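Listed here are the chains, written in short residue letters.
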Amino acid sequence: MGWSVGAGLEGKGVIVTGAAGGIGRAVTEAFATTGARVMAVDVDQARVDEMVAGLEGSGHVGVAADLRDIGSHAALVARAREELGNLYVLANLAAVLRRRGSLDEVTEEDWDFQHDVNLKAAFFLARTAGDAMIEQGQGGRIILFSSQGWWTGGFGGSVAYAATKGGVTSMCRGLARTFGAHQITVNCVSPGQVNTPMLLTGLSPEVYEGMKKQTPLGYVAEPAEMAGPVVFLASDHAKYITGSTINASGGFLMY
Ligand SMILES: NC(=O)c1ccc[n+]([C@@H]2O[C@H](COP(=O)([O-])OP(=O)(O)OC[C@H]3O[C@@H](n4cnc5c(N)ncnc54)[C@H](O)[C@@H]3O)[C@@H](O)[C@H]2O)c1
C-alpha cells in the first residue's frame, strides 16, 4: 500500500446528520474540504440549504428530515446513493439533550424523546446505511456520536441522555462485528465539552468555568476540533480501526 497524507475521500458520498448543529456544521464543512460529496441532514430545510450553499466543492445536497421517522430512512439512503453517486460514509450526529435539575425531574417523555433520536434512530439509520454499503460492495464507514456521559453515567438530570450514549457506544461495537466482514468500519467519537447550543443551553456560567478547570487542556473545544477525529475515522488512515470510541475530551476523562 502506498502512503498518502490525503483522506482518500474525493468523490465519495457522505451523509452527515445533525448537520445544522454546532459540531455537524463543522463536520460537514470538513468533509466538503476533502472533496467528498455531502448530504447534510437536519430538521429544518432552510438551515441545511443555507449551509450547503456555503460549502466548498460541488454535488452537495441539503435534506430536511426528522430521523425519528424510521420509515423514512430507506428513502433517505436511496436518495444519497442516487444524488451523491454512492454512499461511503454515514456520520450520525443528530441528538438531543434534555438537561434536568435532578433525577426526579426526568419525565417519561424526556426518556422517550432522547432515546428515540439518540439511540433508536441511530440504530435504524446505521443499519440501513450499512446494508446499502454492503450492496455497493466498496466497504464503508459508519461514525456514531457518543459523549463522556457514556462513561460517567451523567449527572443526575442528564442520566437519560447518558444512557442513550452508553447505548450508542455498545451498539457501535455490535454493528462493527456484523459489518466488519464487508470492510465497513463502525466507530464512535466521544466529545467532551464543545461550544455548541447543546452544551450552552441552560448551563450556568459557574458550571461552564468548572468544566474548563476539570479539563487538562484548560478550555472548552470549538466544534471544528471535533471534525478531525470524524474525518480521520472516515479516511483511509483508519481502515483497520473498528468498534472503537475515540475520546476527544481534552483529557476531561482518560480511557
Ligand atoms: N456539544 C457538546 O459538548 C457535546 C458533548 C458530547 C457529545 N456531543 C454530541 O455531539 C453531537 C452533536 O452535538 P452538537 O453539540 O453539535 O449539538 P447541536 O444541538 O448543536 O446539534 C444537534 C443537531 O441535531 C439535530 N437534530 C435533533 N433531533 C433531530 C432529529 N430528530 N432528526 C434530525 N436532526 C435532529 C438538531 O436540529 C441539531 O441541529 C451529538 O450527538 C451530541 O450528543 C456534544
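The rules behind the values
Residues numbered from 1 in each chain as written. Predicted model: local features only at pLDDT ≥ 70, side-chain atom pairs only at ≥ 80, totals over all residues. Heavy atoms only, no water. Helix = DSSP H or I, 4+ residues; strand = E, 2+ residues; numbered from the N terminus. Buried < 20%, exposed > 50% of the residue type's maximum accessible area, 1.4 Å probe, protein only. Lys, Arg positive; Asp, Glu negative; His and termini not counted. Salt bridge = Lys/Arg side-chain N within 4 Å of Asp/Glu carboxyl O. Contact = heavy atoms within 4.5 Å. Near = heavy atom within 4 Å. Polar contact = N/O pair within 3.5 Å; in protein donor to acceptor, adjacent residues only side chain to side chain. Areas by Shrake-Rupley, 256 points an atom, 1.4 Å probe, with all protein chains shown as cover. Nonpolar A, V, L, I, M, F, W, Y, C, P; charged D, E, K, R; others polar.

A. Quick look at the side chain of K165. With respect to the element layout, K165 can be found in helix α6 (residues 159–179). Here K165 sits buried without a salt bridge, and the closest side chain of opposite charge, D42, lies 13 Å off (N-O distance). If near-sequence neighbours (up to four positions away) are discounted, K165 is found in contact with A95, N118, F145, S146, S147 and W150.

B. View of the pattern of salt bridges. Enumeration according to the criterion identifies eight salt bridges in this entry. The residue E109 makes a salt bridge to R98 at a minimum N-O spacing of 2.7 Å. Residue E109 is found in helix α4 (residues 108–136), and its partner R98 is found in the loop between β4 (89–92) and α4; the two are separated by eleven residues along the sequence. In this structure E109 comes out as partly exposed when scored by relative accessible area, which is 47%.

C. Representation of the site of the ligand in the model. Contacts to the ligand come from 29 residues, most closely from I23, D42, D66, Y161 and T196. The contact in question runs from an oxygen atom of the ligand to an N or O atom on the backbone of G192, over 3.4 Å. One of the backbone N or O atoms of V194 is found 2.8 Å from an oxygen atom in the ligand. For the ligand, whose accessible area on its own is 820 Å², the fraction buried by protein is 91%. At the level of secondary structure, the elements contributing two or more residues to the shell around the ligand comprise α1 (22–33), α6 and α7 (197–200). For the shell around the ligand, the element with the most residues is α7, which contributes three residues. Here the shell around the ligand is composed, by residue class, of 17 nonpolar, eight polar and four charged.

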